[in-house]
Amino acid sequence: MNDNPLLDTSGLPHFTQIRAEHVEPAVDQVLAENRALADALLSGATTADWRHLIAPLEALQERLGRIWSPVGHLHSVADNDALRVAYNACLPKLSAYATECGQDKRRYQAYKTVSESALASESADMLEPAQHRILENALRDFRLSGIDLPQDKQDRFKAIMQALSEHMAKFEQNLLDATQAWHYQTDNTAELAGLPETSLSLFKEAAERAGETGWRLTLDAPSYLAVMSYAENRALRERLYEAYATRASDQGPHAGRWDNTQEMNSILSLRHEAAELLGYDNYADRALATRMAQDSDQVIAFLTDLARHSLTVAQGEMAELRAYARDAPGLDPLEAWDIAFVSERLRQERYAITQEELRPYFPIDRVLDGLFAIVNRLYGIRVSPVTSIETWHPDVRFFDIHDGDGEPRGRFYLDLYAREHKRGGAWMDECVLRQRRDHHVETPVAYLTCNFAPPSGGKPGLLTHDEVTTLFHEFGHGLHHMLSRIDDAGVACIQGVAWDAVELPSQFMENWCWEAEALPLFSKHYESGAPLPEELLDRMLKARNFQAGMKMARQIEFALFDFRLHREYDPAKGAEQILALIDEVRKEIAVVIPPSYHRFAHSFAHIFSGGYAAGYYSYKWAEVLSCDAYSLFKEQGIFNPETGRSFLENILEKGGSEDPMTLFCNFRGREPQIDALLQQSGILA
Ligand code: ZN
C-alpha cells in the first residue's frame, strides 16, 4: 500500500486525505512509471497485438487520468493556495508528457502495426468495434500532430504550434487589458435611472474598490449587459456600447492601444499553414477531421438552410421592435444601443415574467426527485442516495444508479451550491471511466457541479427555471458518462465523442423542463405544495421564444463568419479580409447593421483564443441534434419507454465507440433535420 492516497486507484478518491503535498510527488511518480512501462512495451519485446501492447498502453493513460481527476476537481471546487501551487506545478509536466506521447514514433508505429494486422488478418473480428475505433482515433490524432511529416516540415509544424499558442495568448491578454482599462465613473444617480438595485450595488462596490465616489461602470459582462438592457439614459448606453464594441481594436476610446488586428491575422495565417502542411486545403477542413460534420460544404449548407428559414422571422421581429420604439419618446430611429433596452421593455410588457417569480416552485429536493423519476420512466434506471461516501464538503451528496436488472451502472457526486473557493458555472466531469478489469467491469463515476444559491433563512434551496434547466443539462452529460456500456476506456463514456456531438445528450435532457406533462413531477410550491399555476407556465412558454428569429440570426452570423473565415482565408490578402468578410456575412444574414466603428471580430475570443475555431457552428448543430432526437419523443410520447430504451441503447450506451452520425441515424431512422429546432423556436409553424 502506498501512503500517497492519490496513487491508490482501487476505488473512489480519498478526498479527505488528499493534501497539496501529495500532488506533485504522485504525478511525478506516475509519469516516471508510465515512461518506464511504455518504454518496456515499445522496446519490441512484446507481441504486437491489442492485448499485449495497446491495452497496456491505454491503461497507462487511464491511470494518469484517474490520479489527476480528483486534483483537477479539488482545484475547481475546493481551492486553496497550496493546492493551486501544486496544481500549477504539474500542468507543464502533464503537457510535456502529452506532447511527448503524441510525438513518439514508436508509439505511433505500435498503433499502426496493430491496426494494420487487425485489418489484414482473418482474426479482424477478434477486435471489438470499440477497439477498432480507439486505433483509428489514435492514428488520426498522431497524423494531426504532424508525426508523418518529413523532418523539416515537422520542425516547422512544431514552430507553428508554439507561435500559435503565443499569439492566442496575446489576443486574450489584449482583450482582457482593453476590457479592464475602460470604466465610467459618475456621482449623478439620475444618470443611472432604470438600472436594478443589484446592478447599482455592483457599481458602488466597484467604485469603492477603486477608491472612487459614486458608481463605477465597467465593460465586464454583468455591468455592460445591465446597462444595455435597463439604463434609460440613451447617451450612457451609447457610451458603453461604443467602448465595448471597439475593445482591442483600431477604433473607439482606446483606438490602437491593444489592437488585435495583427494577432488575428497571425493566428489565421498560422492555422492555415499548419492545415496545409497536414494536406488540407484550409483550416476548416482540418478542424472537421475530428468532428461529426462530414465536410465544410455540409456545414455551410446547414447554416445557410437555418438562415433561410430564420431571416424572415427575424426581420419581422425587428420591424415589430422598430414600431414599438416609434411610440416611445426619444427612441426613434432605433439605434444599435437601443435594441437590448427596447427588447427588454417589450418582453416585460408582454410576458411580465421574471426568474425570481418561479423560484418558490422549484425546491431542490422536489427537482431532484422529479429528475430521477423522469429518467426512471425513460430508461428504467433507479437513482438512490448513498450517505457513507466521503466527499470534499458536507453539502456534497452521492448517488448510485442501478438499471432495471439491478446492475450497478454509475455513481455520482452532486455538488449543488455556490461557496467560496469554488469556480462558478455548472459542469460534468469524469472521476472514473467505465473499463474492463481482470475480473470485472469498473462502474463509471461522475462529478456533477452547479453553483446555485444555498438554502438560507430556513428555506430549502430554491431554483429558478433557468437553474432547473442547467441541472437537467448537466445530468444529461452525466448519463452519457455513467450509462456507457463500452468496456474500453478510450471510447467509453464521453471519451472519443466528436466535439460537435457531445452536447446532444445534455441539451436533449433540457426538453423535459418545458413540458406541461413533466413539470408537475419536479415542481411544487415549497410552502403550500401548490402546483405551478397554469397561467405562469403559459407565460413562461411564450417568453421562451421571444425574438427567437433574431437570436438565431445572430448566432448564424457568428457561426458563418467563423467558418468561412477559416475556410476562405487567403494568406496573400492579410488582415483586411477579416473585416470584409464580416461585412459580407452581415449583408446576408444580419437584421441589425452596427455602426462602421464596430469591431466584433477583435473580441471574438471563442475562435481566436478559445477552442471554437471553425467550430462556432456546433452550438446550432448540437441544438438541431437534440431537438430532432426529442421530436421522436414528441411523436411517440415524452415518457415512452420504448423510445427511451432506443435512445439509451443507440446513443447513451455507445459513447465514442462509433461514428456519431451512424449512432444518430440508428436512433432517429434518418439523418438529422432542422425542422424540429425551427418548430421548437416558433420559427416554423
Ligand atoms: Zn453542456
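Residues numbered from 1 in each chain as written. Predicted model: local features only at pLDDT ≥ 70, side-chain atom pairs only at ≥ 80, totals over all residues. Heavy atoms only, no water.

> Describe the domain arrangement of the protein, with residues and values.
The assigned domain composition of the protein is domain 1 (20-102 + 104-144), domain 2 (182-245), domain 3 (261-353 + 547-616) and domain 4 (359-494 + 522-542). For domain 2 versus domain 4, the distance between C-alpha centres works out to 37 Å. (Domains from an automatic or database assignment.)

> Outline the coordination of the zinc ion, supporting the account with residue identities and numerical values.
Only H473 (NE2), H477 (NE2), E503 (OE) and E503 (OE) from the protein reach the zinc ion as donors, at distances of 2.1 to 2.7 Å. For the zinc ion, the four donor atoms in the first shell make angles of 52 to 142° at the metal, so the coordination geometry reads as irregular. All donors of the zinc ion come from a single chain, and their spacing in sequence reads H-x3-H-x25-E. Here H477 and H473 lie together in helix 16 (residues 465-482), a separation of four residues that amounts to about one turn. (Donors = N, O, S within 2.8 Å, 3.2 Å for Na, K, Ca; no water. Tetrahedral: all angles 85-135°; square planar, octahedral: opposite > 155°, others 65-115°. Helix = DSSP H or I, 4+ residues; strand = E, 2+ residues; numbered from the N terminus.)

> I'd like a rundown of helix 16, residues and numbers included.
Under the 1.5 Å per step criterion, the end-to-end length of helix 16 is 25 Å for 18 residues, consistent within 8% with the ideal 26 Å. Counting buried positions along helix 16 yields 16 of 18 residues, so the element is predominantly enclosed. (Expected span 1.5 Å × (residues − 1). Buried < 20%, exposed > 50% of the residue type's maximum accessible area, 1.4 Å probe, protein only.)

> Account for the pattern of salt bridges, with residues named and values stated.
Taken as a whole and assessed by the stated rule, the structure comprises 49 salt bridges. Across the pair E128 and R436 runs a salt bridge, and its minimum N-O distance is 3.3 Å. Of this pair, E128 sits in the loop between helix 4 (105-120) and helix 5 (129-144) while R436 is found in strand 7 (residues 435-436), placing the two residues 308 residues apart along the sequence. By relative accessible area, E128 is classed as partly exposed at 37%. A relative accessible area of 36% means that R436 is categorised as partly exposed. A salt bridge links R434 to D487; the nearest nitrogen and oxygen atoms lie 2.9 Å apart. Remark: D487 occurs in the loop between helix 16 and helix 17 (504-510) and R434 occurs in the loop between strand 6 (427-432) and strand 7; sequence separation between them is 53 residues. Taken as a pair, R434 and D487 share a single burial class, namely buried. Put simply, D403, E407, R409, R485 and E653 are held in one network by salt bridges that share partners. (Salt bridge = Lys/Arg side-chain N within 4 Å of Asp/Glu carboxyl O.)

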